[in-house]
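The lines below spell out each chain.
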Amino acid sequence: MLCKGVLALVVFVLVVLGGMLGLSFVAIEATKESHVKSDGLMVGTSGQIVQTDIAESDYPFWGLAALEPETLGRIHTVNVAIELPDTGPATLVAKVATVLKVSDDTVRMYTAAGHVLTINGANKTASVRMDGLDLAVLTEEDVCVSSVRLATMTPPFTSFSLSIVCASPVPSVVRG
């Protein structure tokens, strides 16, 4: 009789624990603000597809060299307005292969094509060395360069992009 009572008690405790576990799963699922469907789409509680955006921080263009090397190393693409000797203003879009922080005022970005973008924040000068020529990067007085936007995406898509933000229609935006 005692064995049947202990066995019944053990079964009762296991049923209660299983019920608590199931209730915990139901409560967690009910409080989620989004769910992943079987096709991989993330939807909100209303069934609409959830959209994400890029988190961005603005920096003064000339303050770029003051950023930490780890932050500079996440810049993948640059797009700057340059002055070509024969045709005038042009836009250079380049993949960044390496970033070298020379000093607190100077940073060099080496592109995959072998070009070198040098930014000196103290002197407020920037140039691109390409095809044996040192070409000036157009400044806010020349075009519209006003600030740098570093954009990050959450993992597993961690990346940074250097954006030169303009008020005028002259293209000088950097994307990553």
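Above this text you will find the structure in question.
Residues numbered from 1 in each chain as written. Predicted model: local features only at pLDDT ≥ 70, side-chain atom pairs only at ≥ 80, totals over all residues. Heavy atoms only, no water.

Undergrad: Residues and numbers for the overall build of the protein chain, please.
TA: The helix and strand inventory of the protein chain stands at two helices and eleven strands. Secondary structure elements of the protein chain, listed N to C terminal, follow the sequence α-β-β-β-α-β-β-β-β-β-β-β-β. Considering the protein chain as a whole, with its 176 residues, one finds that 30% of them fall into the buried category. Once local pairs closer than 6 in sequence are excluded, the contacts in the protein chain between residues at least 24 apart make up 41%. Accessible surface, the protein chain as shown: approximately 11,400 Å² in total, 60% of it carbon and sulfur. (Helix = DSSP H or I, 4+ residues; strand = E, 2+ residues; numbered from the N terminus. Buried < 20%, exposed > 50% of the residue type's maximum accessible area, 1.4 Å probe, protein only. Contact = heavy atoms within 4.5 Å. Areas by Shrake-Rupley, 256 points an atom, 1.4 Å probe, with all protein chains shown as cover.)

Undergrad: Can you explain helix H1 (residues 2-31)? Please cite residues and give values.
TA: For H1, built from 30 residues, the straight-helix expectation of 44 Å at 1.5 Å per residue is met to within 8% by its first-to-last C-alpha distance of 43 Å. Little of H1 sits out of view: just zero of its 30 residues are buried. (Expected span 1.5 Å × (residues − 1).)

Undergrad: Can you break down the nonpolar core residue by residue, with the values?
TA: Judged by nonpolar contacts, the single largest core of 22 residues is most densely connected at Leu 64, Ile 82, Leu 117, Ile 119 and Val 128. Breaking this core down by element, the ones donating at least two residues are strand S4 (77-84), strand S5 (88-101), strand S6 (106-111), strand S7 (116-120) and strand S8 (125-130). (Core = buried A, V, L, I, M, F, W, Y, C linked by side-chain atoms within 4.5 Å.)

Undergrad: So what's going on with the side chain of Thr 106? Which residues, and what values?
TA: Position of Thr 106 relative to the elements: it lies in strand S6. Taking relative accessible area as the criterion, Thr 106 reaches 11% and is therefore assigned buried. At 3.3 Å, the side chain of Thr 106 and the side chain of Asn 120 are in polar contact. Discounting chain neighbours no more than four positions away, the residues touching Thr 106 are Ala 65, Leu 100, Lys 101, Thr 118, Ile 119 and Asn 120. (Polar contact = N/O pair within 3.5 Å; in protein donor to acceptor, adjacent residues only side chain to side chain.)

Undergrad: Lay out the sheet that holds S7 in plain terms, naming residues and giving numbers.
TA: A sheet is described by the order of its strands in space; here six strands give the open sequence S4-S5-S6-S7-S8-S9, paired in antiparallel fashion. Edge positions in the sheet fall to S4 and strand S9 (133-136), since each has one partner strand and no second. Across the sheet, the mean angle separating the axes of adjacent strands is 35° when strand polarity is ignored. With five bridges joining them, S7 and S8 adopt antiparallel strand pairing. Residue pairing for S8: Leu 117 is matched across the bridge by Val 128. (Pairing = 2+ DSSP bridges. Axes fitted to C-alpha atoms, helices over the stretch in contact; angles between N-to-C directions.)

Undergrad: I'd like to hear about the pairing of S9, residue by residue, with values.
TA: In the case of a regular strand, side chains alternate between the two sheet surfaces. In the sheet, S8 pairs with S9 via four bridges, with the strands oriented antiparallel. Looking at the pairing, Ser 127 lines up with Ala 136 of S9. In this antiparallel pair of consecutive strands, S8 and S9, the connection spans two residues, and Asp 131 shows a positive phi of 55°.

Undergrad: Outline the pattern of salt bridges, supporting the account with residue identities and numerical values.
TA: Counted by the stated rule, this structure contains one salt bridge. We note a salt bridge from Asp 134 to Arg 129, for which the minimum N-O separation is 3.3 Å. Accessibility expressed as a relative area gives 41% for Arg 129, which makes it partly exposed. (Salt bridge = Lys/Arg side-chain N within 4 Å of Asp/Glu carboxyl O.)

Undergrad: I'd like to hear about the pairing of S7, residue by residue, with values.
TA: Judged by how many residues are buried, S7 sits mostly within the fold: five of five residues are covered. The two faces of S7 match: Val 116, Thr 118 and Asn 120 on one face and Leu 117 and Ile 119 on the other face are all buried. The turn joining S6 and S7, which pair antiparallel and follow one another in sequence, is formed by four residues; a positive phi near 95° is taken by Gly 114. Taken together, S7 and the strand that follows it, S8, pair antiparallel across an intervening segment of four residues, in which Lys 124 is found at a positive phi of about 55°.

Undergrad: Can you explain the side chain of Asn 120? Please cite residues and give values.
TA: Relative to the assigned elements, Asn 120 resides in strand S7. At 3.0 Å, the side chain of Asn 120 forms a polar contact with the backbone nitrogen of Ala 122. Leaving out residues up to four positions away in the same chain, Asn 120 has contacts with Trp 62, Asp 105, Thr 106 and Thr 125.

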